[in-house]
Amino acid sequence: MKREKEKARIAVFVSGGGTNLQALLDAQMRGELRSGEICLVLSSNAEAYALERAKRAGIPTCVISRRDAASQASFEAAISEKLEEYRIDLIVLAGFMSILSGEFTRRWPRRIINVHPSLIPSFCGKGYYGLRVHEAALAYGVKVTGATVHFVNEIPDGGEILLQKAVSVREGDTPPVLQRRVMEEAEWILLPRAAEKVSCEIVSKKERQA
Ligand code: GAR
């Protein structure tokens with residue numbers, strides 16, 4: 001009997017609406033995310049709608065909030081415990097709004113990816129998240145923006161770039177309108193593609209080591 005190919009075990013970290021999580025779940029359903037399997041959704045916020053999306057898809061969830069933890073170290077220790085419990089290989093940050101320290105990210109080299117709603121190195125780094133990114137892009141007057149998926153290291157939005165896609169800014173755009181276009185035309189396409197790419201690399205590495 002043919003043994004089923006092993007998959008990279010993915011944890012998706014969320015904090016809000018979870019449309020990027022949905023894009024990953026849909027890609028998995030369509031067989032486009034085939035080297036990885038979403039095994040856990042971890043939210044920093046108990047109210048995140050992303051948790052509903054995960055439950056609907058039958059994916060285990062947990063809530064670990066920085067505010068409830070005594071320190072950054074204990075917050076990250078609680079996260080690490082969950083990752084170990086679910087034998088996670090790859091972390092996908094999909095609108096995760098809590099900071100992960102260098103101590104944490106160094107333990108996951110090329111094993112954490114993040115989607116950012118601009119063309120890095122524009123409008124990124126400390127203070128640039130969610131709608132603020134689009135407010136800044138419109139205030140500057142750029143005619144092209146987009147999204148980036150990158151590896152996560154100790155520098156905010158500073159890790160190696162995996163994929164990028166440009167999106168046009170249109171006359172009369174407001175931050176929410178631009179945010180939606182960047183999601184539809186870039187983020188929801190790039191993130192599943194990058195998750196598949198890195199999962200595939202993880203599986204190949206595991207097979208070489210077996
Ligand atoms: C997305 O636009 C994502 O790129 C952004 O937050 C939004 C989350 O939406 N992330 C950042 O700004 C990280 N710096 P979602 O919960 O619907 O996926």
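Located above this text is the structure these notes cover.
Keep in mind it's a predicted model, so treat the numbers as computed, not measured.

Peer 1: Can you walk me through the overall build of the protein chain in this structure?
Peer 2: Across its full length, the protein chain carries six helices and seven strands. Each helix and strand of the protein chain, ordered N terminal to C terminal, gives the series β-α-β-α-β-α-β-α-β-α-β-β-α. Taking 210 residues into account, the globule formula puts the C-alpha radius of gyration at 17 Å, and the protein chain, at 17 Å, falls close to it. Within the span of the protein chain, comprising 210 residues, buried residues form 50% of the whole. Across the protein chain, contacts joining residues at least 24 apart in sequence account for 66% of those joining residues at least 6 apart. Accessible surface, the protein chain: about 11,200 Å² in total, of which carbon and sulfur atoms supply 51%. Looking at charge distribution, the protein chain has the averaged site of its 30 positive side-chain charges lying 3 Å from that of its 26 negative ones.

Peer 1: Would you mind showing me how to read the state of the cysteines here?
Peer 2: Here, the word disulfide means a covalent bond between the sulfur atoms of two cysteines. This model, assessed by the stated rule, comprises zero disulfides. The thiol of Cys 39 is not disulfide-bonded; the next cysteine sulfur, from Cys 62, is found 13 Å away. For Cys 39, a relative accessible area of 7% puts it in the buried group.

Peer 1: Explanation requested: the sheet that holds strand β2 (residues 36-43) in the structure shown.
Peer 2: Pairing within the open sheet is mixed, and its seven strands lie in the order β3-β2-β1-β4-β5-β6-β7. Of all the strands in the sheet, the pair left with one neighbour each is β3 (61-63) and β7 (161-168). Adjacent strand axes in the sheet meet at a mean angle of 20 degrees, parallel and antiparallel pairs treated alike. As paired elements, strand β1 (residues 8-14) and β2 share seven bridges and run parallel to each other. Each bridged residue has a counterpart across the sheet, and for Val 14 the counterpart in β2 is Ser 43. Those strands touched by helix α2 (residues 49-56) are β1, β2 and β3, and its axis lies near 160 degrees from that of β3. Where helix α6 (residues 175-209) meets the sheet, it contacts β1, β2, β4 (90-93), β5 (112-116), β6 (144-151) and β7, and its direction lies at approximately 160 degrees from that of β7.

Analysis parameters
Residues numbered from 1 in each chain as written. Predicted model: local features only at pLDDT ≥ 70, side-chain atom pairs only at ≥ 80, totals over all residues. Heavy atoms only, no water. Helix = DSSP H or I, 4+ residues; strand = E, 2+ residues; numbered from the N terminus. Rg over C-alpha atoms; globule rule 2.2 N^0.38 Å. Buried < 20%, exposed > 50% of the residue type's maximum accessible area, 1.4 Å probe, protein only. Contact = heavy atoms within 4.5 Å. Areas by Shrake-Rupley, 256 points an atom, 1.4 Å probe, with all protein chains shown as cover. Lys, Arg positive; Asp, Glu negative; His and termini not counted. Charge placed at Lys NZ, Arg CZ, Asp CG, Glu CD. Disulfide = S-S within 2.5 Å. Pairing = 2+ DSSP bridges. Axes fitted to C-alpha atoms, helices over the stretch in contact; angles between N-to-C directions.

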